[in-house]
Amino acid sequence: MTGRFVHLVRHGEAAGGALTETGRRQAAAVGARMASLPIAALHHGPLPRAAETARIVASHLPGVPVRESEVCGDYIPPVGDPAALPRVFRDFLAEVTEEEYAHGAALARAALATFARPSETETHDLIVTHAFTVGWFLRDALGAPEPRWLGQNASNCALTTILYRPGRPPALVAFNEASHLVI
Ligand SMILES: O=C(O)[C@@H](CO)OP(=O)(O)O
C-alpha cells in the first residue's frame with residue numbers, strides 16, 4: 001500500500017530514567033517486529049529511556065539510519081485553555097509553566113510538520129518516543145480537539161501506526177498494539 005506509515009513506539013519500561021530488564025526485553029521484541037518492514041529511518045527522543053530503547057530496536061534494523069530529534073522527545077503538547085480542562089487534567093498539569101506550554105506546543109507542531117505528511121510512495125518512519133507524543137499524533141490523526149492527547153496512554157513498546165496518504169485524512173492502522181510483547 002502506498003503512503004507514509006508512521007510507527008510510534010513508547011520507550012520500554014524504565015525506572016530511575018534507565019530501562020529495566022523488562023524494558024530491554026520489550027525493546028528487543030518491538031525491534032524484532034519491525035525488522036520485516038522497510039524502515040526508512042529510526043527517530044528517537046533525547047532522554048536516556050528513549051535513546052536506550054532506540055539503540056536496542058536499531059540492533060534489529062541493520063543499515064537503518066538512527067536520528068535523535070527533540071520533536072520526538074517528551075514535552076507537553078498543546079492543551080488549549082488549561083482552565084477549561086476536566087479537573088483531573090487541570091490538577092495533573094498544575095505545575096506546568098507558561099514557558100513549558102509554549103516550548104511543548106512548538107515542538108508538538110514541529111513533530112506533525114515533520115512526520116504527519118502524505119507520501120506518494122510507500123514509506124515507513126519509526127519513532128521511539130514518549131506517551132504524550134504518541135497521544136498527540138493520535139489526536140491529530142483523528143481530528144480531535146487539541147487537549148484530547150491527554151489520557152491516551154500508550155503502553156511501553158506498544159505500537160501505534162498512522163498512515164498518511166495524499167487526498168485522504170490520516171488512517172489509524174493500529175493503536176497500542178502489543179501482540180509482540182506477549183511471550
Ligand atoms: O512522563 C510520562 O508520564 C510520559 C509523558 O510523555 O512520559 P513517558 O512515556 O516517558 O513515561
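Scroll up to find the structure.
Read on for an overview of the structure. Numbering of residues begins from 1 in every chain and follows the order in which that chain's sequence is written. For a predicted model such as this one, the threshold for reporting local features is a pLDDT of at least 70, and the threshold for listing and counting side-chain atom pairs is 80 or more; totals across whole chains, interfaces and linings nevertheless cover every residue. Side-chain calculation: all heavy atoms of the structure are included, whereas hydrogens and water are not.

### Points about the site of the ligand
- If a single non-hydrogen atom of a residue is within 4 Å of a molecule or strand, that residue counts as near it. Taken together, Arg-10, His-11, Arg-49, Asp-74, His-130, Ala-131 and Phe-132 make up the full set of residues adjacent to the ligand.
- The definition of a polar contact used here is a pair of N or O atoms within 3.5 Å, where within protein one atom must be able to donate a hydrogen and the other to accept one, and adjacent residues in sequence count solely through side-chain atom pairs. Ala-131 is positioned such that a nitrogen or oxygen atom in its backbone is 2.8 Å from an oxygen atom of the ligand.
- Here the term charged refers only to Asp, Glu, Lys and Arg, the term nonpolar to Ala, Val, Leu, Ile, Met, Phe, Trp, Tyr, Cys and Pro, and the term polar to all other amino acids, Gly among them. In terms of residue class, the shell around the ligand is built from 2 nonpolar, 2 polar and 3 charged.

### Things to note about unusual backbone geometry
- At Cys-157, a position not held by glycine, the phi torsion is positive, near 60 degrees.
- Secondary structure is summarised from DSSP: a helix means a run of H or I of at least four residues, a strand means a run of E of at least two, and numbering begins at the N terminus for each. Turning to its location among the elements, Cys-157 is positioned in the loop between helix H5 (131-141) and strand S7 (159-164).
- Although it is not a glycine, Asn-176 sits at a positive phi angle of roughly 60 degrees.
- Of note, Asn-176 is situated in strand S8 (residues 171-177).
- According to the relative accessible area criterion, Asn-176 is partly exposed, its value standing at 23%. When accessible area is computed with a 1.4 Å probe and restricted to protein chains, residues below 20% of their type maximum are described as buried, those above 50% as exposed, and intermediate ones as partly exposed.

### Considerations on helix H4 (residues 98-115)
- The span expected for a helix works out to 1.5 Å for each residue beyond the first. Its 18 residues give H4 an end-to-end C-alpha distance of 26 Å, which sits within 8% of 26 Å, the value for a rise of 1.5 Å per residue.
- Among the residues of H4, Tyr-101, Gly-104, Ala-105, Leu-107, Ala-108, Ala-111, Leu-112 and Phe-115 are the ones counted as buried.
- Note on contacts: a residue pair is in contact if any heavy atoms of the two residues lie within 4.5 Å. Contacts made by the buried residues of H4 are with strand S1 (4-10), strand S4 (39-44), strand S6 (123-129), H5 and S7.

### Some remarks on the nonpolar core
- Nonpolar cores are built from buried Ala, Val, Leu, Ile, Met, Phe, Trp, Tyr and Cys residues. Side-chain atoms within 4.5 Å join them into one set. Counting 28 residues, the largest nonpolar core has Leu-93 and Phe-137 as the members making the most contacts within it.
- Elements with a contribution of two residues or more to this core: S1, H4, H5 and S7.
- When neighbours within four sequence positions are excluded, Leu-93 is seen to be in contact with Ile-76, Val-79, Leu-85, Tyr-101 and Leu-150.
- Residues Leu-19, Leu-42, Leu-126 and Val-128 belong to the second largest nonpolar core, which totals 18 residues.

### Things to note about the packing of helix H1 (residues 21-34) against helix H2 (residues 48-58)
- Closest axis-to-axis distance for the H1/H2 pair is 8 Å, and the angle between their directions is 45 degrees. Taken as axis vectors, H1 and H2 run oblique relative to one another. Every pair of crossing elements has a handedness; the one defined by H1 and H2 is right-handed. Mapping the contact onto sequence places Arg-24, Ala-27, Ala-28, Val-30 and Gly-31 in H1 and Glu-52, Thr-53, Ile-56 and Val-57 in H2.
- In terms of residue class, the contact of H1 with H2 is made up of 5 nonpolar, 2 polar and 2 charged. Here, axes are lines fitted to C-alpha atoms. For helices the fit covers the stretch in contact, and angles between N-to-C directions go from 0 to 180 degrees. Any angle between 65 and 115 degrees counts as roughly perpendicular, while under 35 counts as roughly parallel, over 145 as roughly antiparallel, and the rest as oblique. Each crossing gets its hand from how the near helix is turned against the far one by less than a right angle, where anticlockwise is left-handed and clockwise is right-handed.

### Some thoughts on H2
- By the criterion of burial, H2 is predominantly enclosed, with 8 of the 11 residues buried.
- When H2 is considered as a whole, its buried residues turn out to be Ala-50, Ala-51, Glu-52, Thr-53, Ala-54, Ile-56, Val-57 and Ala-58.
- Buried residues along H2 sit in contact with strand S3 (18-19), H1, S4, strand S5 (66-68) and S6.

What is shown is where atoms sit, not what they do.
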